[in-house]
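Understanding the architecture of this molecule
One-letter residues, chain by chain:
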Amino acid sequence: MNSLLKTIGWICILFLVIFLHFTCLYLLPYPFDHLNILFFFFVNSIFWGGSGRIVWVAFVLFFILDLYTGTPFGLLLVIGPISVLFSYWLFMYLFTNRSIFALLGLLVLSLAIYRGLYLGVLFIFSFFHQIAISAILISVTFAWEALFTGAAILISYPFLHKIFRNKKIAFS
């Protein structure tokens, strides 16, 4: 019974994250709509939880997100979980402390991996479909994402540090 309630709780949290991501994407004005709620959630989950199960959660979230985007189907489903997996590996082997600088570095590298993979896979898709690729637009998007998601991380760090200082919250 306890595991059933825990599973239902995590499903509710996942739908809340998707709802907040779409809300920020569609309701906020231009530069503020680049706040990436998904990577805010993933990086905080990796940083404060440290469980590799976040990759499976990323698979589910990016599948749902891929259903509602204008990109070719499977693009986000491939690069999303891979970038979260690389982020998890970066946390396990490179950013081993829990300082705010490690959290910001993890976030920026996670977003860079995500946007780099996005640009690479989109370039491969452009050989088979008529897709216009603008590396400048993707670079500007990355800069806004890093700025606003980094600001959200900076604002939330003191609160999350007090809550999770001695705890490990994992997807179990």
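Residues numbered from 1 in each chain as written. Predicted model: local features only at pLDDT ≥ 70, side-chain atom pairs only at ≥ 80, totals over all residues. Heavy atoms only, no water.

Considerations on helix α1 (residues 2-27)
The α-helix advances 3.6 residues per turn, and as a result positions three or four apart in sequence lie on the same side. Stated precisely, the cut-off is as follows: Secondary structure elements are defined from DSSP: runs of H or I of at least 4 residues count as helices, runs of E of at least 2 residues count as strands, and each element is numbered from the N terminus. A helix's residues, less one, multiplied by 1.5 Å, set its expected span. Think of it in three bands: with a 1.4 Å probe and only protein chains considered, a residue is buried below 20% of the maximum accessible area for its type, exposed above 50%, and partly exposed in between. The contact definition used throughout considers only heavy atoms, calling two residues in contact when any of these lie within 4.5 Å.
Taking 1.5 Å as the rise per residue, α1 with 26 residues should run 38 Å; its terminal C-alpha atoms sit 37 Å apart, in good agreement. Along α1, the residues classified as buried are Leu14, Val17, Ile18, His21, Phe22 and Cys24. In this fold, the buried residues of α1 make contact with α2 (37-49) and α3 (54-66).

Quick word on the UniProt feature "transmembrane region" (unreviewed entry) in the protein
The line we're drawing: UniProt positions are given in the numbering used here, feature names are shortened, and annotations may be inferred rather than shown by experiment.
With numbering matched to this structure, UniProt assigns "transmembrane region" (unreviewed entry) to residues 7-28, 35-65, 71-91, 103-125 and 131-160. Within residues 7-28, the helical portion is 95% and the strand portion 0%, while the C-alpha atoms at the span's ends are 31 Å from each other. Annotated as 81% helix and 0% strand, the span residues 71-91 places its first and last C-alpha atoms 29 Å apart.

Here's the deal with the packing of α1 against α2
Short version of the rule: Only the stretch in contact is used when fitting a helix axis, every axis being a line fitted to C-alpha atoms; angles between N-to-C directions are given from 0 to 180 degrees. Between 65 and 115 degrees an angle is taken as roughly perpendicular, under 35 as roughly parallel, over 145 as roughly antiparallel, and anywhere else as oblique. Classification used: nonpolar for Ala, Val, Leu, Ile, Met, Phe, Trp, Tyr, Cys and Pro, charged for Asp, Glu, Lys and Arg, polar for all others including Gly.
Running from N to C, α1 and α2 point in directions that differ by 140 degrees, and their axes come no closer than 8 Å. Compared by their axis directions, α1 and α2 come out oblique. Residues Ile13, Leu14, Val17, Leu20, His21 and Cys24 of α1 form the contact with α2, whose own contacting residues are Ile37, Leu38 and Phe41. Of the residues that constitute the contact of α1 with α2, the class distribution is 8 nonpolar, 1 polar and no charged.

Concerning a nonpolar patch on the surface
Just so we agree on the cut-off: Patches in this entry comprise residues that are over 30% relatively accessible and not in a salt bridge; like charges within 9 Å are linked, as are nonpolar side chains (Val, Leu, Ile, Met, Phe, Trp, Tyr) within 5 Å. Throughout, the Shrake-Rupley method with a 1.4 Å probe supplies accessible areas, and for residues the shown protein chains are the sole cover considered. Note on definitions: salt bridges are taken to be side-chain nitrogens of Lys or Arg within 4 Å of carboxyl oxygens of Asp or Glu.
Taken together, the side chains of Val78, Ile82, Phe86, Trp89, Met92 and Tyr93 present a nonpolar region at the surface, about 600 Å² in accessible area. The residue Trp89 is located in helix α4 (residues 75-93) in this model.

Describing the side chain of Ser83
By the element assignment, Ser83 lies in helix α4. For Ser83, the contacting residues outside a window of four places in its chain are Phe39, Ile113, Tyr114 and Leu117.

Some thoughts on the state of the cysteines
Any covalent bond linking the sulfur atoms of two cysteines counts as a disulfide. Rules: By convention in this document, the label disulfide applies to cysteine sulfur atom pairs within 2.5 Å.
Considering all chains together, one arrives at 0 disulfides under this definition. Counting only cysteine sulfurs, Cys12 is the nearest neighbor of Cys24, a cysteine outside any disulfide, at a range of 19 Å. Judged by its relative accessible area of 13%, Cys24 falls in the buried class.

Side note on the nonpolar core
Here is a general trend for soluble globular proteins: nonpolar side chains tend to be buried in one another's company. Under the convention used in this document: Grouping buried Ala, Val, Leu, Ile, Met, Phe, Trp, Tyr and Cys residues that are joined through side-chain atoms within 4.5 Å yields what is termed a nonpolar core.
The biggest cluster of nonpolar side chains holds 46 residues, and the ones touching the most others in it are Phe42, Leu61, Phe62 and Val84. If you list the elements that add at least two residues to this core, you get α1, α2, α3, α4, α5 (100-125) and α6 (135-164). Considering each element in turn, this core owes the most residues, 9 residues, to α2. Look past the residues within four positions of Phe62 in its chain and what remains in contact with it is Leu38, Phe39, Phe42, Leu76, Leu77, Gly80, Pro81, Val84 and Tyr114.

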